[in-house]
Amino acid sequence: MNETMVCVVGNVATQPVCRESATGSSARFRLAVTSRYWDREKNEWTDGHTNFFTVWTRRTLAANVASSVALGDPVVVHGRLKVRTEQRDGQSRVSADVDAVAVGHDLSRGTSAFRRTPRGEAPITAQSPSQSEPAWETPPPGSGLDTTAELRPEPVGVT
């Protein structure tokens, strides 16, 4: 088995499936990666061959992927590429898996809203009404409002 670190950009080809076991959460999904090239004869971009990878995630990453990634989403996956060759029904088959250490939406193709998951808690699936957006606006000059308390940063735990 050959193993190397890779960064792969593609579209989620199957809905992520999350499983709980004694060793923790794991989730997997298939990633479709299609190369594109400029066809000089047609004077246009053309899709090339599509490769499929099975992406494996563990622990917190698995739970976050299951609640954040959906079928068709463009994503960036960073992890260890594992290529296996096996004999099945008299034919040699090659499979490629990525043991992901990071998964995120491809922001060159859209937007995404990040929500930090506190340690030891399940991922946040939707913002609750009690979690309102902070007031980022500053009061107009000379309003007499003391905003120094609002501007003091809070200590944040490293995750």
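Residues numbered from 1 in each chain as written. Predicted model: local features only at pLDDT ≥ 70, side-chain atom pairs only at ≥ 80, totals over all residues. Heavy atoms only, no water.

Asker: Please clarify how the packing of aromatic side chains should be interpreted in this entry.
Answerer: Aromatic rings considered in pairs are described by the distance between their centres and by the relative angle of their planes. If you walk through the whole model with that rule in mind, you get 1 aromatic pair. Between the aromatic rings of Trp38 and Trp45, the centroid separation amounts to 5.6 Å while the plane-to-plane angle is 75°, which identifies the pairing as edge-to-face. Judged by its relative accessible area of 40%, Trp38 falls in the partly exposed class. (Phe/Tyr/Trp six-rings, centres within 6.5 Å; stacked < 30°, edge-to-face > 60°. Buried < 20%, exposed > 50% of the residue type's maximum accessible area, 1.4 Å probe, protein only.)

Asker: Explain the pattern of salt bridges here, please?
Answerer: Two side chains that carry opposite charge are able to pair once their charged atoms sit near each other. Scanning the model with the defined rule gives 4 salt bridges in all. Between Asp99 and Lys82 there is a salt bridge, with the nearest N and O atoms lying 2.8 Å from each other. Here the residue Asp99 occupies a position in strand β6 (residues 91-105), and Lys82 occupies one in strand β5 (residues 74-88), the gap between them amounting to 17 residues. The exposure class of Asp99 is buried, given its relative accessible area of 17%. (Salt bridge = Lys/Arg side-chain N within 4 Å of Asp/Glu carboxyl O. Helix = DSSP H or I, 4+ residues; strand = E, 2+ residues; numbered from the N terminus.)

Asker: Would you explain the side chain of Thr57 in this entry?
Answerer: Mapping Thr57 onto the fold places it in strand β4 (residues 44-58). In this view, Thr57 contacts Ser25, Ser26, Ala27, Ala62, Val65, Ala100 and Val103; residues no more than four positions away in its chain are not counted. (Contact = heavy atoms within 4.5 Å.)

Asker: Would you mind showing me how to read the confidence of the model for the chain here?
Answerer: Parts of the prediction with low pLDDT should not have their coordinates interpreted in detail. Summary statistics for the chain give a mean pLDDT of 80 and a share of 73% for residues scoring 70 or more. Here residues 145-156 is modelled with pLDDT under 50, and outside its nearest four sequence neighbours on either side it reaches 2 contacts, counting other chains as well. (pLDDT = per-residue confidence, 0-100.)

Asker: How do you make sense of unusual backbone geometry when you look at a structure like this?
Answerer: The phi torsion of most residues other than glycine is negative, and most of the peptide bonds are trans. Notably, Asn43 is not glycine yet its phi reads approximately 60°, a positive angle. Mapped onto the elements, Asn43 comes out in the loop between β3 (24-39) and β4. In this structure, Asp89 takes a positive phi of about 55° despite not being glycine. The topology assignment puts Asp89 in the loop between β5 and β6.

Asker: I keep staring at the pairing of β3 and nothing clicks. Help me out?
Answerer: In the case of a regular strand, side chains alternate between the two sheet surfaces. Relative to β3, strand β2 (residues 17-21) is paired through 5 bridges, and the arrangement is antiparallel. When the sheet's bridge partners are listed, Arg19 is paired in β3 with Ser26. Counted along the chain from β2 to the antiparallel partner β3, the turn is 2 residues long. Across 13 bridges, the pairing between β3 and β4 is antiparallel. (Pairing = 2+ DSSP bridges.)

Asker: Would you take a moment to explain the environment of Ser26 for this structure?
Answerer: Tracing the backbone shows Ser26 in strand β3. Each C-alpha atom of the pair Ser26 and Arg58 lies 4.4 Å from the other, and the pair is 32 residues apart in sequence. Leave out the neighbours within four places in its chain, and Ser26 touches Val17, Cys18, Arg19, Thr57, Arg58 and Ala62.

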